[in-house]
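# Understanding the architecture of this molecule
Residue strings, one per chain:
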Amino acid sequence: MRDVLYLEAIEQAEALLKPQRVEVLRQLAEPRTCSEVAERLGQTPQRVYYHVKRLVEAGLVDQVAERKVRGISEGIYQAGARSYWLSPRLVGRIGDLRRARDELSLGYLLDLMEEVQADIAALDRDAPELPSIGLSGEIRVRPEHRQRFLSELQGLLQDLFTRYGGSEGDAFKLAVACYPTSPDDRRGDDDDRPAER
């Protein structure tokens, strides 16, 4: 079972985005038969099989084994991944992205996040070593210091790119996003330590 399955085909999204199928998929975190899933969900095995068949066709569930019960073959199924990511490309672009970039720079951030998501999904999860780091934190900047903060951040990153930007060695991609938090996400003023993940 993979950690992440990145869905770029509309058929996969359509197969997944049905509440009953999501429930069936959750039950298949462990290998189970349709009868076992049906019993857990209080549904008929035929109904569960219908959903499992659609999930298998979409490449979201795998048949991992088969067993005979009273002379009848019964498939044992398991979810193909622990989590599923839907590519933003499934919806596509609406409107003039260049204008959004010029006005707010949010269009560029959305493109960057989409690129990071696709890159991470494409990594070989079976590789013995995947050196990576993820940090997340909150920085509070007064309006009069905002430009200085952004200039310092840009300078620090440019220094890293210059120092490590040669043509030898392992290639790493670095993406940094700086954006205001929504009012619902803001913590109290007494907590000024950055949250790292």
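This text goes with the structure placed above it.
Residues numbered from 1 in each chain as written. Predicted model: local features only at pLDDT ≥ 70, side-chain atom pairs only at ≥ 80, totals over all residues. Heavy atoms only, no water.

For the protein, the count of helices and strands is seven helices and five strands. Overall, the protein shows an N-to-C arrangement of helices and strands of β-α-α-β-α-α-β-β-β-α-α-α. The proportion of buried residues among the 197 residues of the protein is 23%. Restricting to contacts in the protein with at least 6 residues of sequence separation, those with at least 24 account for 66%. Carbon together with sulfur atoms contributes 51% to the accessible area of the protein, which is approximately 15100 Å² in total. (Helix = DSSP H or I, 4+ residues; strand = E, 2+ residues; numbered from the N terminus. Buried < 20%, exposed > 50% of the residue type's maximum accessible area, 1.4 Å probe, protein only. Contact = heavy atoms within 4.5 Å. Areas by Shrake-Rupley, 256 points an atom, 1.4 Å probe, with all protein chains shown as cover.)

With that settled, the discussion passes to the pattern of salt bridges. Scanning the entire structure with this criterion turns up nine salt bridges. K173 serves as the salt-bridge partner of D119, at 3.0 Å between the closest nitrogen and oxygen. You can see D119 sitting in helix α6 (residues 106–122) and its partner K173 sitting in the segment after α7 (146–163), a full 54 residues away along the chain. Among the ionic pairs, D159 bridges to R163, the shortest N-O distance being 2.8 Å. Residue D159 and its partner R163 are both found in helix α7; the two are separated by four residues, about one turn of the helix. On the basis of relative accessibility, which here comes to 54%, the residue R163 falls in the exposed class. Through salt bridges with shared partners, a single network forms among E36, R67 and E74. (Salt bridge = Lys/Arg side-chain N within 4 Å of Asp/Glu carboxyl O.)

So, on to the packing of helix α2 (residues 19–27) against helix α3 (residues 34–41). The N-to-C vectors of α2 and α3 enclose an angle of 115°; their axes lie 10 Å apart at closest approach. By the angle class used here, α2 and α3 are roughly perpendicular. Crossing of α2 over α3 shows right-handed handedness. Within the contact between the two elements, α2 uses E23, V24 and Q27 and α3 uses V37, R40 and L41. The residue makeup of the contact of α2 with α3, split by class, is three nonpolar, one polar and two charged. (Axes fitted to C-alpha atoms, helices over the stretch in contact; angles between N-to-C directions. Parallel < 35°, antiparallel > 145°, perpendicular 65-115°, else oblique. Left-handed = near helix turned anticlockwise from the far one by under 90°. Nonpolar A, V, L, I, M, F, W, Y, C, P; charged D, E, K, R; others polar.)

So, on to the pairing of strand β4 (residues 72–79). Taken residue by residue, a regular strand's side chains alternate between the two faces of the sheet. Across the eight residues of β4, six count as buried, placing the element largely inside the fold. Across two bridges, strand β2 (residues 32–33) lies against β4 in antiparallel orientation. What sits directly across from T33, in β4, is I76. Examined bridge by bridge, strand β3 (residues 61–69) and β4 share eight bridges and lie antiparallel to one another. Bridge pairing in β4 places D62 opposite Q78. Connecting β3 to the antiparallel partner β4 that follows it, the hairpin turn spans two residues, and R70 within it adopts a positive phi of roughly 50°. (Pairing = 2+ DSSP bridges.)

Moving on, we come to the side chain of Q27. With respect to the helices, strands and loops of the structure, Q27 is situated in helix α2. By relative accessible area, Q27 is classed as buried at 14%. In terms of polar contacts, Q27 uses its side chain to reach the side chain of R40, at 3.0 Å. (Polar contact = N/O pair within 3.5 Å; in protein donor to acceptor, adjacent residues only side chain to side chain.)

Here we take up the nonpolar core. Core analysis: the biggest nonpolar cluster contains 20 residues, and L25, L28, V52, L60 and Y84 have the highest contact counts within it. Among the secondary structure elements, those contributing two or more residues to this core are β1 (2–7), α1 (10–16), α2, α3, α4 (45–57), β4 and β5 (81–86). With residues near it in sequence (within four places) discarded, Y84 still touches L5, L7, L16, L25, L60 and A79. (Core = buried A, V, L, I, M, F, W, Y, C linked by side-chain atoms within 4.5 Å.)

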